[in-house]
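# Notes for the structure review
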Amino acid sequence: MYKLRGHHLFCLLGYRGMGYSQEYVENMTRLHQTLRNNPKTGIQLVKGPDQLCEKYPNSGKYHCRDNTIYERDTAILEKLCLQTGQILKWEDIESRIRNYVVPSDIQIVCKSCSWRSYGVCEEGIQEMIEGKGLRKIK
């Protein structure tokens, strides 16, 4: 089972093999591939830093504890009708994304995210809505 914070549920949709450091990318890719290949994988929703934050590089400000990040976590969990502490399968999270989210939600709930300008999260949501699941990382 993986422990994930709210906003990382959307980050996984837009993930394309880029990240803050090589160690972060390897960790994110491993998680992404696990969920893609086995959507029955358990996810526990946590408040604050999670298993992806563990590999955030120690090279300056640790943004994983910023108030804006906590606000994004809360907004995304609310959008998906989920709460911190819940345990569910990744496929259940995918179902909630299909039922409660549209690509343009990224512009609102992730407005302060530095990755938003790439447009990949909207693509990821659209692909999820179309039933494609997580994109294969090349």
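Description of the structure in this document. For clarity, every value in this text was computed on a predicted model and none was experimentally measured.

### Considerations on the layout of surface pockets
Within this model, the largest pocket holds a volume of roughly 440 Å³. If you trace the largest pocket, you find 30 residues lining it, with His7, Cys11, Tyr20, Cys113 and Trp115 closest to the centre. Among the elements of the structure, α1 (6-14), α2 (22-37), α3 (67-79) and α6 (120-129) are those that each provide at least two residues to the lining of the largest pocket. Here the lining of the largest pocket gets five residues from one element, more than from any other, and that element is α1. Broken down by class, the residue content of the lining of the largest pocket amounts to 18 nonpolar, eight polar and four charged.

### Focus on unusual backbone geometry
For Cys81, which is not glycine, the phi dihedral falls at a positive 55°. Residue Cys81 is classed as partly exposed on the basis of its relative accessible area of 47%.

### Points about the nonpolar core
Formed by 33 residues in total, the largest nonpolar core has its most connected members in Leu9, Phe10, Leu12, Leu13, Leu80, Trp90 and Ile97. Among the elements of the structure, α1, α2, β2 (42-45), α3, α4 (90-100), α5 (105-109) and α6 are those that each provide at least two residues to this core. At five residues, α2 tops the list of elements feeding residues into this core.

### Observations regarding the pattern of salt bridges
Side chains that carry opposite charge are capable of pairing whenever their charged atoms lie near each other. Under the definition given, this model contains eight salt bridges. Note that Arg16 is salt-bridged to Glu123, the shortest N-O span being 3.6 Å. In this pair, Arg16 sits in the loop between α1 and α2 while Glu123 sits in helix α6, placing the two residues 107 residues apart along the sequence. Exposure remark for Arg16: the relative accessible area of 19% places this residue in the buried category. The shortest N-O distance in the salt bridge between Arg135 and Glu123 comes to 3.7 Å. Residue Arg135 is located in the segment after α6, and its partner Glu123 is located in helix α6; the two are separated by 12 residues in the primary sequence. Here Glu123 falls in the partly exposed class, since its relative accessible area comes to 37%.

### A closer look at the packing of aromatic side chains
Inspection of every chain in the model, using the stated rule, returns four aromatic pairs. Plain terms: the ring middles of Tyr20 and Trp115 are 5.6 Å apart, the flat faces sit at 80° to each other, and that makes the pair edge-to-face. Pair noted here: Tyr20 is in the loop between α1 and α2 and Trp115 is in the loop between α5 and α6, with a separation of 95 residues, a long-range link. Three or more aromatic residues joined by ring pairs make a cluster, and in this case those are Tyr20, Tyr24, Tyr56, Trp115 and Tyr118. Over the aromatic face of Tyr70 sits the side chain of Arg5, whose NZ or CZ is 5.1 Å from the ring centroid.

The rules we used
Residues numbered from 1 in each chain as written. Predicted model: local features only at pLDDT ≥ 70, side-chain atom pairs only at ≥ 80, totals over all residues. Heavy atoms only, no water. 1 Å grid on protein atoms, 1.4 Å probe; cavity = no way out; pocket = protein on both sides within 12 Å on 5 of 7 lines; lining within 4 Å. Points joined across faces, edges and corners; volume = space filled by probe spheres on them. Helix = DSSP H or I, 4+ residues; strand = E, 2+ residues; numbered from the N terminus. Nonpolar A, V, L, I, M, F, W, Y, C, P; charged D, E, K, R; others polar. Buried < 20%, exposed > 50% of the residue type's maximum accessible area, 1.4 Å probe, protein only. Core = buried A, V, L, I, M, F, W, Y, C linked by side-chain atoms within 4.5 Å. Salt bridge = Lys/Arg side-chain N within 4 Å of Asp/Glu carboxyl O. Phe/Tyr/Trp six-rings, centres within 6.5 Å; stacked < 30°, edge-to-face > 60°. Lys NZ or Arg CZ within 6 Å of the ring centre and 35° of its normal.

So far we have only geometry, and geometry alone does not tell us how the molecule works.
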